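# What the coordinates show
What follows is the residue order along each chain.
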Amino acid sequence: MGKQYSMVIAARNLFDSVGDEAYEGYLCLKDHVIVKVGTGKPEQKILDDAQQVFQFEEELVMPGITDTHTFFTGYAVFHIGVDVSKVQSSEEGLEVLKVYEEEKHPAGALFGHGWDPGQWSRQDGERMLEENYSEKPVILFAADRSTCIMNQKAREVYQFTPEECYPESYYRIMREYLNDRDFIEQEFSAYMNMMNARGVTTVKEMGFDDFYGFTDFLKEMEDSEKLHLRTFFMSQPVGEKMNLEHARRMRDLFTGDKVRFSGFNRMTDGTIAAYKGDLKEPYENEAFTCSFEVPYEEIEADVLAADQEGFRWTLHAQGDGAVGKITDIYEKCQKENGKLVNRHAITDMEFTDPDDLERLGAMGVTAELYFQIMSLDPAGVLTENIEKTIGAKRGKNYWNRRKMQDCGMNLSGATDLPLLITSVPESVYYSCGGYMDGREEPFQTENTITVSELLKAWTIGGQKNLNMDSRIGTLEEGKYADIAVFDRNLLTVGKKEAKEAETVMTVMDGKIVYTRKG
């Protein structure tokens with residue numbers, strides 16, 4: 001007679017994302033579902049009736065992590081084409097390119113990754129390309145993707161420059177590498193492994209336009225044993241207008257719980273540090289509120305048209321002016337009992353007006369928050385930028401996650417990966433502790449959230465964002481068995497110590513997809 005349970009996980013610290021504290025308890029899994037949740041230690045007969053048993057003492061067992069804003073397409077650019085990371089001269093660069101061509105025979109453009117501007121100048125590199133590749137487009141991406149070496153032919157074909165080296169500009173190359181099956185299978189497998197190793201079991205991917213054929217790959221992967229990362233994808237219009245016909249096709253094509261179409265995504269304003277954030281009042285010592293004009297009328301028309309057909313939108317906003325205008329747009333969307341029918345969201349929300357947060361909370365809008373964003377710059381740079389652009393008084397509402405939580409917004413964790421790589425432990429350090437790199441004193445702790453609130457944002461908050469909270473996001477009976485285990489109890493250790501925590505094990509759909517060596 002077979003065992004009743006495929007797996008039993010017993011833990012002294014079980015955080016189910018329902019309550020606010022961890023407790024001693026256990027989970028009984030039957031294939032891909034949690035069939036029993038108990039408190040205390042499991043009886044011996046339960047352990048005997050399990051194919052696999054895991055017992056954790058110091059570790060924290062919690063629901064699998066959901067990252068609600070990722071770019072696999074941007075991650076793949078880290079590895080596209082030939083590796084030029086060790087090249088220090090144009091002579092070496094030419095040799096590396098020639099060897100790669102002879103081995104791979106690329107049919108289209110010649111791509112490379114890992115370029116280090118500190119050891120090989122762009123000017124020298126582009127001069128070499130013009131002399132040797134005048135008729136073939138060549139693009140060599142910097143290791144941090146902030147810029148690239150590219151020849152004139154590449155500029156003509158792909159219509160961007162090294163100064164515009166970000167996905168919204170280089171989207172034209174995506175059709176080439178997203179349809180290179182050998183490359184993409186290897187990259188997506190590595191991507192899933194990386195995310196699983198961080199406790200992530202679900203992502204919401206930003207796909208430009210119609211995703212350039214990548215949806216065919218996702219359809220093949222959907223029910224295969226190779227897929228071990230739930231992938232919900234959006235369409236970000238960049239090369240064409242919002243395509244509702246594509247959205248309808250994707251909604252009809254993906255109806256399972258592992259791959260789904262999740263609506264539309266768009267940038268509105270930009271970073272406040274670059275004076276591109278749209279503010280309600282002018283920047284400090286300036287006469288303008290934004291350095292460019294945001295097409296809010298076009299955005300509103302798209303949001304309302306999609307909303308009528310049951311599709312949701314996620315809009316990026318960093319300035320309080322942009323957040324306020326998006327709030328106005330969402331207030332015109334369909335509601336039921338005062339709450340939005342479709343789960344619209346706002347991403348980033350760097351600087352906000354508390355009054356707008358009250359309005360957003362009343363509608364049930366989701367906040368997609370970069371809880372690790374403080375890690376991008378040293379503390380001195382961050383605080384100086386705030387002081388210089390909006391001043392100390394307005395700066396009190398910078399990264400005001402506390403108000404978002406208290407006014408009823410649904411908080412969800414996001415990274416804009418590969419800008420940041422998902423890390424719940426780092427999130428505890430930055431967004432619960434309020435710490436910044438290079439500064440001992442926490443920053444505006446009155447705006448931080450508790451660890452349990454953060455863990456819920458990374459779990460049930462993310463699944464509410466995706467409209468999957470009835471099936472995933474908490475450790476409850478009947479839910480899918482998506483589980484993350486960290487090597488210490490993030491709820492009780494110090495915020496600085498929490499930053500050093502590591503993932504011990506990840507379970508997705510009842511199967512172990514990652515275990516830490518040793």
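The structure under discussion appears in the preceding block.
About the cut-offs
- Every residue gets a number counted from 1 within its own chain, in the order that chain's sequence is written.
- With the structure being a predicted model, the display of local features is reserved for residues of pLDDT at least 70 and the display and counting of side-chain atom pairs for 80 or more, all residues being used for whole-chain, interface and lining totals.
- Side-chain figures throughout are based on the complete set of non-hydrogen atoms in the structure, without hydrogens or water.
- Only one rule defines a salt bridge in this text: a Lys or Arg side-chain nitrogen within 4 Å of an Asp or Glu carboxyl oxygen.
- Helix numbering and strand numbering both begin at the N terminus, where a helix is a DSSP run of H or I of at least 4 residues and a strand a DSSP run of E of at least 2.
- Partly exposed describes any residue whose relative accessible area lies between the buried limit of under 20% and the exposed limit of over 50%, with all areas from a 1.4 Å probe on protein chains only and scaled to the type maximum.
- Following DSSP output, two strands are said to pair if at least two bridges run between them.
- In this analysis, two residues are considered to be in contact whenever any of their non-hydrogen atoms come within 4.5 Å of each other.
- Note on method: axes are straight lines fitted to C-alpha atoms, helices fitted across the in-contact stretch only, with angles between N-to-C directions ranging 0 to 180 degrees.
- In a left-handed crossing the near helix is turned counterclockwise from the far helix by less than a right angle, and in a right-handed crossing that turn is clockwise.
- Three classes are used: nonpolar for Ala, Val, Leu, Ile, Met, Phe, Trp, Tyr, Cys and Pro, charged for Asp, Glu, Lys and Arg, and polar for all others, with Gly counted as polar.
- Polar contact is the term for a pair of N or O atoms within 3.5 Å; when the atoms are in protein, one must be able to donate a hydrogen and the other to accept it, and sequence-neighboring residues count only if both atoms are side-chain atoms.
- For this analysis, a ring pair means two rings from Phe, Tyr or Trp (six-membered ring only for Trp) whose centres lie within 6.5 Å, classed as stacked if their planes differ by under 30 degrees, edge-to-face if by over 60, and tilted for the remaining angles.
- Placement of a charge over a ring requires the Lys NZ or Arg CZ to be within 6 Å of the ring centre, with the centre-to-atom vector within 35 degrees of the ring normal.
- Here, the term nonpolar core denotes a set of buried Ala, Val, Leu, Ile, Met, Phe, Trp, Tyr and Cys residues that are joined through side-chain atoms within 4.5 Å.

On to the pattern of salt bridges. The tally for this structure, following the rule as stated, stands at 44 salt bridges. Close ionic contact of Lys241 with Glu298 constitutes a salt bridge, the shortest N to O distance being 3.7 Å. Residue Lys241 is located in the loop between strand 12 (230–236) and helix 10 (244–253), and its partner Glu298 is located in helix 11 (residues 296–308); the two are separated by 57 residues in the primary sequence. Take Lys241: its relative accessible area is 62%, and that puts it in the exposed class. Across the pair Lys496 and Glu440 runs a salt bridge whose closest N-O atoms are separated by 2.4 Å. One end of the pair, Lys496, is in helix 19 (residues 495–498); the other, Glu440, is in the loop between helix 17 (424–432) and helix 18 (451–465), with 56 residues separating them in the sequence. Relative accessible area serves as the criterion here: at 35%, Lys496 is assigned to the partly exposed category. Where salt bridges share partners, they join Lys280, Asp328, Glu331, Asp353, Asp356 and Arg359 into one cluster.

Looking now at the sheet that holds strand 8 (residues 110–115). Reading across from one edge, 7-8-9-10 is the order of the four strands in this open sheet, with mixed pairing throughout. A strand with exactly one partner marks an edge of an open sheet, and here the two such strands are strand 7 (82–83) and strand 10 (148–150). Where helix 4 (residues 122–132) meets the sheet, its contacts fall on strand 8, strand 9 (138–142) and strand 10, and the angle it forms with strand 10 comes to roughly 25 degrees.

What follows deals with unusual backbone geometry. In this structure, the amide linkage connecting Leu417 to the following residue, Pro418, adopts the cis form with an omega of 15 degrees. By secondary structure assignment, the location of Pro418 is in the loop between strand 19 (410–414) and helix 17. Positive phi, close to 60 degrees, is recorded for Asp416, a residue that is not glycine.

With that out of the way, let us pick up the packing of helix 11 against helix 12 (residues 320–330). Two elements in contact, helix 11 and helix 12, have axes separated by 10 Å at closest approach and are oriented at 35 degrees. In this structure, helix 11 meets helix 12 at a crossing whose hand is right-handed. Residues Tyr296, Ile299, Glu300, Val303 and Leu304 of helix 11 form the contact with helix 12, whose participating residues are Gly321, Ala322, Lys325, Ile329 and Tyr330. Across the contact of helix 11 with helix 12, the residue classes tally to seven nonpolar, one polar and two charged.

Our next topic: the side chain of His316. Mapped onto the secondary structure, His316 falls in strand 14 (residues 313–317). A distance of 3.5 Å separates polar atoms of two side chains, one belonging to His316 and the other to Asn265.

One pass over the full model with this rule turns up 32 aromatic pairs. A ring pair is formed by Tyr398 and Trp399, whose centres lie 4.9 Å apart and whose planes are at 75 degrees; its orientation type is edge-to-face. In this structure, Tyr398 and Trp399 share a single accessibility class: buried. Above the plane of the ring of Tyr429 lies Lys499, whose end atom (NZ or CZ) is 4.3 Å from the centre.

Our focus in this paragraph is the nonpolar core. Nonpolar side chains in soluble globular proteins tend to end up buried together. Counting residues in each nonpolar core, the largest one holds 100 residues, and the members touching the most others are Ile139, Tyr177, Phe188, Tyr191, Tyr330, Met349 and Met409. Residue contributions to this core peak at seven residues, all from helix 8 (residues 181–196). Ile272, Ile386, Tyr430 and Met436 belong to the second-largest nonpolar core, a separate cluster that totals 21 residues.

Next up on the list: the environment of Phe264. Positionally, Phe264 belongs in strand 13 (residues 259–266). It is 8.4 Å that separates the C-alpha atoms of Phe264 and Ala306, two residues lying 42 residues apart in sequence. Not counting the four nearest positions on each side in its chain, Phe264 is found in contact with Met234, Ser235, Met242, Asn243, Leu244, Ala247, Ala306, Phe311, Arg312, Trp313 and Thr314.

What follows concerns the environment of Glu300. Structurally, the position occupied by Glu300 is in helix 11. Along the chain, Glu300 and Thr422 lie 122 residues apart, while their C-alpha atoms are 31 Å from each other. Beyond its immediate chain neighbours, meaning those up to four positions away, Glu300 contacts Ile329 and Lys332. Within polar-contact distance, the side chain of Glu300 engages the side chain of Lys332 at 3.0 Å.

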